Amino acid sequence: MELEPLIEKFKQKDEKAFETLYNMYSESMQGVIYNIVRDNDIAEEVMQDVFIKAWHNASSYSSEKGRFFTWILNIARNAAIDKTRSKAFKKSKQNLDADFFVDILETSDSLDNSTDAIGIKKFVKKLGEKCKAVLELLYFKGYTQVEASEALDMPVGTIKTRNRNCIKELRNMVLE
């Protein structure tokens with residue numbers, strides 16, 4: 001089925017369209033969410049919340065503003081970041097075991113898993129190191145611009161400019 005008619009049915013609260021879109025995008029969304037929350041159970045829970053939120057706010061999607069995938073990806077990313085900032089999440093992570101930290105250390109310098117989960121690995125590989133560093137922190141690890149600024153020891157304005165330029169570069173690569 002074509003994507004546009006499917007999305008229109010989704011916006012009209014068609015359950016079959018919801019199920020189809022869920023099957024199309026849930027794995028990618030869960031990958032993005034997991035890369036931020038680092039817990040499979042929480043990632044699954046947030047992913048389900050994302051689709052419920054999308055269902056309730058379907059009328060706010062406009063193909064003129066961007067692709068459906070990007071729209072739902074932003075909902076997923078924001079929901080995952082909100083989850084990591086919640087008191088319950090922070091409290092649950094106070095007594096983490098060593099495996100959690102080993103996992104972070106093993107994957108912290110590689111965007112491969114994160115980018116592969118949403119299918120842009122081949123494009124991110126083409127970016128310069130500065131772009132990779134900024135995008136990894138902002139989009140794949142859920143840092144705020146201020147946190148990324150501190151982590152990379154750069155002014156916030158530089159982070160904002162690099163983020164905008166790197167996203168523009170990615171967008172141009174995808175559209176080519």
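Residues numbered from 1 in each chain as written. Predicted model: local features only at pLDDT ≥ 70, side-chain atom pairs only at ≥ 80, totals over all residues. Heavy atoms only, no water.

**Student:** Tell me about the state of the cysteines, residues and numbers included.
**Tutor:** Scanning the model with the defined rule gives 1 disulfide in all. Across the disulfide from Cys 131 sits Cys 166; the S-S distance is 2.0 Å. Given an S-S torsion of about -85 degrees, the disulfide between Cys 131 and Cys 166 has left-handed geometry. With Cys 131 in helix 9 (residues 129–140) and Cys 166 in helix 11 (residues 156–175), this residue pair connects regions lying 35 residues apart in the sequence. (Disulfide = S-S within 2.5 Å. Helix = DSSP H or I, 4+ residues; strand = E, 2+ residues; numbered from the N terminus.)

**Student:** Provide a residue-level description of the pattern of salt bridges, including the pertinent values.
**Tutor:** Summed over the entire model, instances satisfying the criterion amount to 3 salt bridges. As a salt-bridge pair, Glu 8 and Lys 11 come within 4.0 Å of each other at their nearest N and O atoms. Taken as a pair, Glu 8 and Lys 11 lie in helix 1 (residues 3–11) at a separation of 3 residues, close to a single helical turn. Classification of Glu 8 as partly exposed rests on a relative accessible area of 37%. (Salt bridge = Lys/Arg side-chain N within 4 Å of Asp/Glu carboxyl O. Buried < 20%, exposed > 50% of the residue type's maximum accessible area, 1.4 Å probe, protein only.)

**Student:** A description of the packing of helix 9 against helix 10 (residues 145–152) should follow, citing residues and the corresponding values.
**Tutor:** In the contact formed by helix 9 and helix 10, the axes pass within 9 Å of each other and the chain directions differ by 135 degrees. When the axis of helix 9 is compared with that of helix 10, the two are oblique. Relative to helix 10, the crossing made by helix 9 is right-handed. Listed contacts from helix 10 to Ala 133, Val 134, Leu 137 and Leu 138 of helix 9 are Gln 145, Ala 148, Ala 151 and Leu 152. Taken together, the residues of the contact of helix 9 with helix 10 break down into 7 nonpolar, 1 polar and no charged. (Axes fitted to C-alpha atoms, helices over the stretch in contact; angles between N-to-C directions. Parallel < 35°, antiparallel > 145°, perpendicular 65-115°, else oblique. Left-handed = near helix turned anticlockwise from the far one by under 90°. Contact = heavy atoms within 4.5 Å. Nonpolar A, V, L, I, M, F, W, Y, C, P; charged D, E, K, R; others polar.)

**Student:** Describe helix 11, listing the residues and the values that go with them.
**Tutor:** Spanning 20 residues, helix 11 covers 29 Å between terminal C-alpha atoms, matching the ideal 28 Å at 1.5 Å per step. Within helix 11, burial applies to Ile 159, Asn 163, Cys 166, Leu 170 and Met 173. Buried residues of helix 11 fall within an arc of 95 degrees about the axis and therefore sit on the same side. Residues of helix 11 that are exposed and point over 90 degrees away from its buried face: Arg 164, Lys 168 and Leu 175. (Expected span 1.5 Å × (residues − 1). Arc of directions from axis to C-beta.)

**Student:** How would you summarise the packing of helix 2 (residues 15–37) against helix 4 (residues 68–85) if you had to cite specific residues and measurements?
**Tutor:** It is the contact of helix 2 with helix 4, at a shortest axis distance of 9 Å, that shows an interaxial angle of 35 degrees. Seen along the crossing, helix 2 lies across helix 4 with a hand that is right-handed. Facing helix 2, whose interface residues are Leu 21, Tyr 25, Ser 28, Met 29, Val 32, Ile 33, Ile 36 and Val 37, helix 4 presents Phe 68, Phe 69, Ile 72, Leu 73, Ala 76, Arg 77, Ala 80, Ile 81, Lys 83 and Thr 84. Its residues assigned to classes, the contact of helix 2 with helix 4 shows 14 nonpolar, 2 polar and 2 charged.

Any functional reading would require information beyond the geometric quantities listed.
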